[in-house]
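# Residue-level structure breakdown
Spelled out from the first residue to the last, the chains are:
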Amino acid sequence: MFRRLPEIETATQAVSFTIDGRPASARAGDSVAAALLANGVTACRTTPVSGAARGPYCMMGVCFDCLVTIDGTGNRQGCQVRVAPGMAVETQNGKREVER
Ligand code: FES
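Now for a quick tour of the structure. (Residues numbered from 1 in each chain as written. Predicted model: local features only at pLDDT ≥ 70, side-chain atom pairs only at ≥ 80, totals over all residues. Heavy atoms only, no water.)

## Brief notes about the sheet that holds strand β5 (residues 67-70)
In spatial order, the strands read β2-β1-β7-β5-β6; together these 5 strands make up an open sheet with mixed pairing. What marks the edges here is a single partner per strand, and that holds for β2 (22-27) and β6 (73-77). Going from strand to strand, the sheet's axes swing by 40° on average, the running direction of each strand aside. Pairing geometry for strand β1 (residues 14-19) and strand β7 (residues 88-90), over 2 bridges, is parallel. In the sheet register, Ile-19 faces β7, and the bridge partner there is Val-89. (Pairing = 2+ DSSP bridges. Helix = DSSP H or I, 4+ residues; strand = E, 2+ residues; numbered from the N terminus. Axes fitted to C-alpha atoms, helices over the stretch in contact; angles between N-to-C directions.)

## Observations regarding the sheet that holds strand β8 (residues 92-93)
Spatially, β4-β3-β8 is the arrangement adopted by the 3 strands of the open sheet, whose pairing is mixed. Only two strands of the sheet have a single partner each, and these edge strands are β4 (53-54) and β8. As paired elements, strand β3 (residues 45-46) and β4 share 2 bridges and run antiparallel to each other. Counted as the bridge partner of Thr-46 is Ala-53 from β4.

## Topic: the nonpolar core
Ranked by size, the top nonpolar core spans 16 residues in total, and within it Phe-17, Val-32, Leu-36, Val-68, Val-83, Met-87 and Val-89 carry the most contacts. Elements with a minimum of two residues in this core: β1, β2, α2 (32-38) and β5. Beyond its immediate chain neighbours, meaning those up to four positions away, Leu-36 contacts Ile-19, Val-41, Cys-44, Val-68 and Val-89. (Core = buried A, V, L, I, M, F, W, Y, C linked by side-chain atoms within 4.5 Å. Buried < 20%, exposed > 50% of the residue type's maximum accessible area, 1.4 Å probe, protein only. Contact = heavy atoms within 4.5 Å.)

## Let's talk about the pattern of salt bridges
Evaluation of the coordinates by the stated rule reveals 2 salt bridges. Across the salt bridge formed by Asp-65 and Arg-45, the nearest N and O atoms sit 2.9 Å from each other. Remark: Arg-45 occurs in strand β3 and Asp-65 occurs in the loop between β4 and β5; sequence separation between them is 20 residues. A single burial state applies to Asp-65 and to Arg-45, both of which are buried. One salt-bridge network, in which partners are shared between bridges, spans Arg-45, Arg-54 and Asp-65. (Salt bridge = Lys/Arg side-chain N within 4 Å of Asp/Glu carboxyl O.)

## Let's talk about the pairing of β2
Within a regular strand, side chains alternate between the sheet's two faces. Judged from the 6 bridges that link them, β1 and β2 form a sheet pairing that is antiparallel. Residue pairing for β2: Phe-17 is matched across the bridge by Ala-24. The hairpin formed by β1 and β2 contains 2 residues between the paired strands, and Asp-20 there has a positive phi angle of roughly 50°.

Any functional reading would require information that these geometric values do not contain.
As structure tokens, this is what we get:
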């Protein structure tokens, strides 16, 4: 469903990171949400009430359907964070506890 434009595919450097512990690759400057989609991950969380799958939708910080755990911190908006080398991205199931 999602694929990169050919000119973008070759114009940027690769960034290695993990998705649920699996090695993955993105392009420098990708948001985490874009990197997930580029790696075939279309559902990055489930809702706390029904357990329905959700994935990045607006890609601009409005819908909150892109919530993931990044380097151990939950409820991060994947579309608002750039992927970085060595970053550990985890999909979320249900709700996350609020850190105090
Ligand atoms: S995709 Fe909508 S807030 Fe991130």
